[in-house]
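Residues per chain, in single letters:
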Amino acid sequence: MNSETDIRLSLRTHRRTHLRTLEDEAVHILRELAAERERPCLLFSGGKDSIVLLRLAEKAFRPARFPFPLVHVDTGHNFPETIEYRDRRVAELGERLIVASVQDSIDRGRVTEETGPRASRNRLQTTTLLDAIEENQFDAAIGGARRDEERARAKERIFSHRDEFGQWDPKNQRPELWSLYNGRVRKGEHLRVFPLSNWTELDVWEYIRIEEIPLPSIYFAHERDVFERDGMLYAANPYVTLLPNERVRKETVRFRTIGDMTCTGAVKSDARTLDEVIAEVAAARVTERGATRADDRFTEAAMEDRKREGYF
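All of these numbers come straight from a predicted model, not from anything done at the bench.

**Regarding a nonpolar patch on the surface**
Here comes step 1: On the surface, a cluster of nonpolar side chains totalling about 420 Å² of accessible area is made up of Leu177, Trp178 and Leu180.
Here comes step 2: Examined against the element boundaries, tryptophan 178 turns out to sit in the loop between β5 (159-162) and β6 (190-193).
Here comes step 3: For tryptophan 178, a relative accessible area of 74% puts it in the exposed group.

See below:
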């Protein structure tokens, strides 16, 4: 009978093999896209999933430059730690970054800013993204979405077709048998491509560990001023007006996912190292979006509705 040490070693070896299989699949997807489409881009927000995408793009194309620019749809209400990381990482890679600004969309009258204590720019990103795709004539946008995040995400193909209006029809997607991807689009249409589709949150964190990828500090436990709303802890920030019964207090928290400050919640945590975060994620029973993203609670089908309109 194997000893406990032998069993742990076997499980660790199995996990590393699993992660390398996922890595091989993602690298194949990126290379396939680069071969099929003329003007792709990679959506990079400074969040953990897009950070992993960057590492996979390095594996796929280095020492050459990436065959696509990086694009960030910037709400203007981002966590400072994320923007600092974004700019530093882009400079280290020497790649081109296009920032598509929601504020510019507001100034041009393309969208109307929400008002009130629950206002958020998160839902305004769709128009900004679609305008950036049209202005730069991108025919594919690579994203870090995973099927385990949310029910609407689970319906996605890896090469996900968008019509000439940038809209997604979950009933009109292409089959992907035997890892064969259809990258053909008509003029005005484009693809969203998701190399991390088959990854889980735990896979992402374990890959970050074995690749020793640095992350923004916000992903690890730290003391922060927060307030509670609808059962979630939000970072105190200048973009949200507190309701009469809400008070700011200090808590030790970390963020499982990072988006607009107005709709991204934190979780109480003492996990200050990668190993501690991985142990916490392995024990979690709710996805990171389900636990910490207010925009997914807007309606029962909030994510699917936004995706149909052109969201990530």
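From this point, the narrative continues.
**Section: the layout of surface pockets**
Here comes step 1: By volume, the largest pocket is sized at about 460 Å³.
Here comes step 2: The dominant element in the lining of the largest pocket, judged by the number of residues it contributes, is helix α5 (residues 125-136), at four residues.

**A look at the environment of phenylalanine 44**
Here comes step 1: When you line up the elements, phenylalanine 44 lands in the loop between β1 (40-43) and α2 (48-61).
Here comes step 2: Residue phenylalanine 44 is classed as buried on the basis of its relative accessible area, which comes to 1%.
Here comes step 3: The sequence separation of phenylalanine 44 and proline 69 amounts to 25 residues, and the corresponding C-alpha distance is 9.7 Å.
Here comes step 4: In this structure phenylalanine 44 touches Ser50, Ile51, Leu54, Leu70, Val71, His72, Tyr85, Arg86, Arg89 and Val90, once residues within four positions along its chain are discounted.

**A look at the side chain of histidine 77**
Here comes step 1: Relative to the helices and strands, histidine 77 is located in the loop between β2 (70-74) and α3 (80-93).
Here comes step 2: Apart from the residues lying within four places of it in its own chain, the contact partners of histidine 77 are Glu113, Arg121, Tyr239, Asp260, Met261 and Thr262.

**Comments concerning α5**
Here comes step 1: In this model α5 runs 16 Å from its N-terminal to its C-terminal C-alpha over 12 residues, within 8% of the 16 Å that 1.5 Å per residue would give.
Here comes step 2: With nine of 12 residues buried, α5 is to be regarded as a mostly interior element.
Here comes step 3: Those residues of α5 that fall on the buried side of the exposure criterion are Gln125, Thr126, Thr128, Leu129, Leu130, Asp131, Ala132, Ile133 and Asn136.
Here comes step 4: Just past α5, the residue glutamine 137 takes up positive phi, approximately 55 degrees.

**Looking at the packing of aromatic side chains**
Here comes step 1: Summed over the entire model, instances satisfying the criterion amount to eight aromatic pairs.
Here comes step 2: Each ring, one from tryptophan 205 and one from tyrosine 219, has its centre 5.7 Å from the other, and the planes form 85 degrees; the classification is edge-to-face. Residue tryptophan 205 is located in helix α7 (residues 201-211), and its partner tyrosine 219 is located in the loop between α7 and β7 (222-229); the two are separated by 14 residues in the primary sequence.
Here comes step 3: Judged by relative accessible area, tyrosine 219 falls into the buried class, the value being 1%.
Here comes step 4: An aromatic cluster is built from Phe61, Phe66 and Phe68, whose rings are joined through pairwise contacts.
Here comes step 5: One Lys or Arg, arginine 62, reaches over the ring of phenylalanine 66 and ends 4.9 Å from the middle of that ring.

**Points about the pattern of salt bridges**
Here comes step 1: Following the criterion strictly, the structure yields 36 salt bridges and no others.
Here comes step 2: A salt bridge links glutamate 23 to lysine 59, with the nearest nitrogen and oxygen atoms 2.5 Å apart. Linking glutamate 23 in helix α1 (residues 4-36) with lysine 59 in helix α2, this pair joins segments that are 36 residues apart in sequence.
Here comes step 3: For glutamate 23, a relative accessible area of 8% puts it in the buried group.
Here comes step 4: Overlapping salt bridges, with partners in common, bring together Arg20, Glu23, Arg55, Glu58, Lys59, Glu84, Arg88, Arg89, Glu92 and Glu211 in one network.

Quick notes on the rules
Residues numbered from 1 in each chain as written. Predicted model: local features only at pLDDT ≥ 70, side-chain atom pairs only at ≥ 80, totals over all residues. Heavy atoms only, no water. Patch = residues over 30% accessible without salt bridge, like charges linked within 9 Å, V, L, I, M, F, W, Y side chains within 5 Å. Areas by Shrake-Rupley, 256 points an atom, 1.4 Å probe, with all protein chains shown as cover. Salt bridge = Lys/Arg side-chain N within 4 Å of Asp/Glu carboxyl O. Helix = DSSP H or I, 4+ residues; strand = E, 2+ residues; numbered from the N terminus. Buried < 20%, exposed > 50% of the residue type's maximum accessible area, 1.4 Å probe, protein only. 1 Å grid on protein atoms, 1.4 Å probe; cavity = no way out; pocket = protein on both sides within 12 Å on 5 of 7 lines; lining within 4 Å. Points joined across faces, edges and corners; volume = space filled by probe spheres on them. Contact = heavy atoms within 4.5 Å. Expected span 1.5 Å × (residues − 1). Phe/Tyr/Trp six-rings, centres within 6.5 Å; stacked < 30°, edge-to-face > 60°. Lys NZ or Arg CZ within 6 Å of the ring centre and 35° of its normal.

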